[in-house]
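Letter by letter, the chains look like this.
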Amino acid sequence: MNTLRHILLTAILVVPPAQGETLEDAWRMATERDAGLAAVRSRTEAGRAGEQAARAERWPKLTIDGSYQRFDDAPAFSFPVGGNTFVSPELVSGDDFLMGRARVEVPLFTGGRVTAGIDSATQAARGAGLDQESYEQDLRLQVATAYVDVLRARRALRAAEATVASLTAHVNDVAVMVEREAVARNDLLAARVTLADAEQVRLRAENRHAMALAAYNRLLGEPLDRVPELAELPADTAAPLPAESVDALVERARASRRELAGLEARSLALAGQARSENASRWPQVGLMADYQHLENQVLDDEDFALLGVGFSWTLFDAGRIKERANALQSASRAVARDRDDLQSRVALEVRQAWLDVREAAARVPLTREAVEQSEENLRVGRELYGVGLATNTVVLDAEALRLGAVSNYDNAVLDVALGNLRLKRVIGEL
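S.K.: Residue-level account of the overall build of the chain, with values.
M.R.: Each helix and strand in the chain was counted, giving nine helices and six strands. Residues counted as buried form 38% of the 430 residues belonging to the chain. Surface accessibility of the chain: about 23,900 Å² in total, with carbon and sulfur atoms responsible for 56%. For the chain, the distance from the average position of its 51 positive side-chain charges to the average position of its 64 negative side-chain charges is 6 Å.

S.K.: Which residues make up helix α5 (residues 185-220), and what values do they have?
M.R.: Over its 36 residues, α5 extends 53 Å from the first C-alpha to the last, a length consistent with the 52 Å expected when each residue adds 1.5 Å. Within two residues after α5, Gly221 carries a phi angle of roughly 70°, on the positive side.

S.K.: Mind laying out the packing of aromatic side chains, listing which residues take part and the relevant values?
M.R.: As enumerated under the stated definition, the model contains two aromatic pairs in all. Their ring planes at 15° and their centres at 5.7 Å tell us that Phe71 and Phe97 sit as a pair that is stacked. Taken as a pair, Phe71 in the loop between β1 (61-70) and β2 (76-81) and Phe97 in strand β4 (residues 96-109) lie far apart in primary sequence, 26 residues in all. Exposure remark for Phe97: the relative accessible area of 7% places this residue in the buried category. Here the aromatic rings of Tyr147 and Tyr216 are separated by 5.9 Å at their centres, their planes lie at 75°, and the arrangement is edge-to-face.

S.K.: Give a description of helix α8 (residues 320-386) that names residues and reports values.
M.R.: Between its first and last C-alpha atoms α8 spans 94 Å; for 67 residues at 1.5 Å apiece the expected length is 99 Å, and the two agree. The sharpest bend along α8 reaches about 25° and sits at Val364, with the proline Pro365 one to four residues further on.

S.K.: Got a sec to walk through the pairing of β2? Specific residues and values, please.
M.R.: Where β2 lies against strand β3 (residues 84-90), five bridges are found, and the strand directions are antiparallel. What sits directly across from Ala76, in β3, is Glu90. The hairpin turn running from β2 into β3, its antiparallel successor, is two residues long, and Gly82 in that turn takes a positive phi close to 65°.

S.K.: Help me get a handle on a nonpolar patch on the surface, residues and values and all.
M.R.: A cluster of nonpolar side chains, Leu108, Phe109, Trp282, Leu287, Leu307 and Val309, forms an exposed patch at the surface whose accessible area comes to about 650 Å². Mapped onto the nonpolar patch, the elements with two or more residues apiece are β4 and β6 (303-312). Take Leu287: it is sitting in strand β5 (residues 284-294). On the accessibility criterion, Leu287 (32% relative accessible area) is partly exposed.

S.K.: Account for the nonpolar core, with residues named and values stated.
M.R.: In this structure, Val143, Tyr147, Tyr216, Leu220 and Leu233 are the most contacted members of the largest nonpolar core, which totals 29 residues. If you list the elements that add at least two residues to this core, you get α2 (23-33), α4 (113-179), α5 and α9 (392-427). Among the elements that line this core, the one with the most residues is α4, at 10 residues. In this structure, Val143 is in contact with Ala26, Trp27, Ala30, Leu219 and Leu220, ignoring residues within four places of it in sequence. Among the nonpolar cores identified, the runner-up in size contains 19 residues, and Leu260, Leu270, Ala347 and Ala353 belong to it.

S.K.: An account of the environment of Leu260 is requested, with residue identities and associated values reported.
M.R.: Topologically, Leu260 is positioned in helix α7 (residues 258-279). Overall, Leu260 belongs to the buried group, its relative accessible area being 0%. Spatially, the C-alpha atoms of Leu260 and Leu189 are 63 Å apart, while their sequence positions differ by 71 residues. Residue contacts for Leu260: discarding those within four places in its chain leaves Ala253, Arg254, Arg339, Leu342, Gln343 and Val346.

About the cut-offs
- Residues numbered from 1 in each chain as written.
- Predicted model: local features only at pLDDT ≥ 70, side-chain atom pairs only at ≥ 80, totals over all residues.
- Heavy atoms only, no water.
- Helix = DSSP H or I, 4+ residues; strand = E, 2+ residues; numbered from the N terminus.
- Buried < 20%, exposed > 50% of the residue type's maximum accessible area, 1.4 Å probe, protein only.
- Areas by Shrake-Rupley, 256 points an atom, 1.4 Å probe, with all protein chains shown as cover.
- Lys, Arg positive; Asp, Glu negative; His and termini not counted.
- Charge placed at Lys NZ, Arg CZ, Asp CG, Glu CD.
- Expected span 1.5 Å × (residues − 1).
- Phe/Tyr/Trp six-rings, centres within 6.5 Å; stacked < 30°, edge-to-face > 60°.
- Bend = angle between axes of the 7 residues up to and from the residue.
- Pairing = 2+ DSSP bridges.
- Patch = residues over 30% accessible without salt bridge, like charges linked within 9 Å, V, L, I, M, F, W, Y side chains within 5 Å.
- Salt bridge = Lys/Arg side-chain N within 4 Å of Asp/Glu carboxyl O.
- Core = buried A, V, L, I, M, F, W, Y, C linked by side-chain atoms within 4.5 Å.
- Contact = heavy atoms within 4.5 Å.

Structure, rendered in structure tokens:
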């Protein structure tokens, strides 16, 4: 009996050495293969490209175009001279001609439109980058949750297997006692029914373990039927609560959460677009240089160059520019309000995560002691039953108590680890 108790206690409580696939490995595989993250990265690249395009608006723009044309019959100048009509040679030789043009344009004054556009694009690119960081943290927490689910299911399966092994040994002991007519046959029947129930619990635990592995593999882009050997969580995930107060953690979250900074960047980007739209009501002045080549046999030159200053000014547009700017300003204010709302939700998330970790940490020593007491209760129950001082029900109830105590302990330990990871995420430091 003592040897069996030692084996069961070791199988349930002893943590295997850290080996196999770690949480860091899981995070690395997920970030390499997640399609959603790849899409967010593409949006970040698009934001950076948009910023560079906005900055390029300050620089000269060179445009080159050309064409080849052919007349069915090339025209010529015809006009009266005195009493006669003068007819020039055909404008082009051979009824075909080439035309080319090079044009350089440089903005001189835009009323702040270009500057505002650059500011808007810069904030939009910043917001896209912050969205990527936020998505990466969400993905890491999602993977960590799936990882812990696998560990939880694995521990539950091991506990169920240990219970089946213990009950099998008990059934064998009762069978021997029935043969010796030391106990009633009804004890054997009750033990076998309890063993059958334990087998069902083991089968359900095995199924939950397989489902947890499939969900975990899907996040990593691996085959769903892969069976990795997951390492236990690193020691820092089971660390006690941070030394700071919950209010200090809330302040850290408000300073670190990418979602808050991302909303601020989007609000500023929309405000910049509104300023850029408003600036288009001012005169738009630019310097232009033009070079043209026109193949002909009538004009005295085929190459022309010019330099000038041009401007455009929209004096009346029925309010189009104004209303577009107002729409952008309203959108900017709406995003700012969203940020204010998110700030209060962040405070609630931090407080809730902190309370969850505190509660789980308080459960660990209680459940550890309960496991030790349930093991002792089972040992005493078996010894008393073996000498006829206790009923078979005492042993079977002790088995159920031990399984419940082990499950509670495993859940408490894993809840602390997962709670710490969630606390890091809501603070913005995962």
